[in-house]
Amino acid sequence: LYRGMKLSKDLVDTFDANTGKLVCSCGYFMCSKSRNIELQFATSAGYRADLVSVLFKIDFDGSARFADVLLE
């Protein structure tokens, strides 16, 4: 699954610093199987210049209650 969004540079740095560790997110990641659709969300024009385009790749195991999220 994929999720495209815009995040602050500080939040991207936090995700990057915690690569390989468990990170808890508040809320849902609305996802799609289409990388292209989510890439369009990530690269769409933003209303804030301080946000960074991010594409998450989420490796999901339907039998588990968690997923591996990779920042691309």
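Residues numbered from 1 in each chain as written. Predicted model: local features only at pLDDT ≥ 70, side-chain atom pairs only at ≥ 80, totals over all residues. Heavy atoms only, no water.

Student: Can you lay out the confidence of the model for the protein chain for me, pointing to particular residues and giving the numbers?
Tutor: For the protein chain, the average pLDDT comes to 83, and 85% of its residues sit at 70 or higher. Averaged pLDDT values for the elements of the protein chain fall to 64 in strand 3 (residues 67-71) and rise to 92 in helix 2 (residues 35-43). (pLDDT = per-residue confidence, 0-100. Helix = DSSP H or I, 4+ residues; strand = E, 2+ residues; numbered from the N terminus.)

Student: Residue-level account of the pattern of salt bridges, with values.
Tutor: Pairing between side chains becomes possible if they bear opposite charge and their charged atoms approach one another. With the rule as written, the count across this model stands at three salt bridges. A salt bridge links glutamate 38 to arginine 3; the nearest nitrogen and oxygen atoms lie 3.9 Å apart. Remark: arginine 3 occurs in strand 1 (residues 2-8) and glutamate 38 occurs in helix 2; sequence separation between them is 35 residues. We classify glutamate 38 as buried; its relative accessible area is 4%. For aspartate 13, the salt bridge identified is with lysine 9, shortest N-O distance 2.9 Å. With aspartate 13 and lysine 9 both in helix 1 (residues 9-17) and four residues apart, the pair spans about one turn of that helix. A relative accessible area of 47% means that lysine 9 is categorised as partly exposed. (Salt bridge = Lys/Arg side-chain N within 4 Å of Asp/Glu carboxyl O. Buried < 20%, exposed > 50% of the residue type's maximum accessible area, 1.4 Å probe, protein only.)

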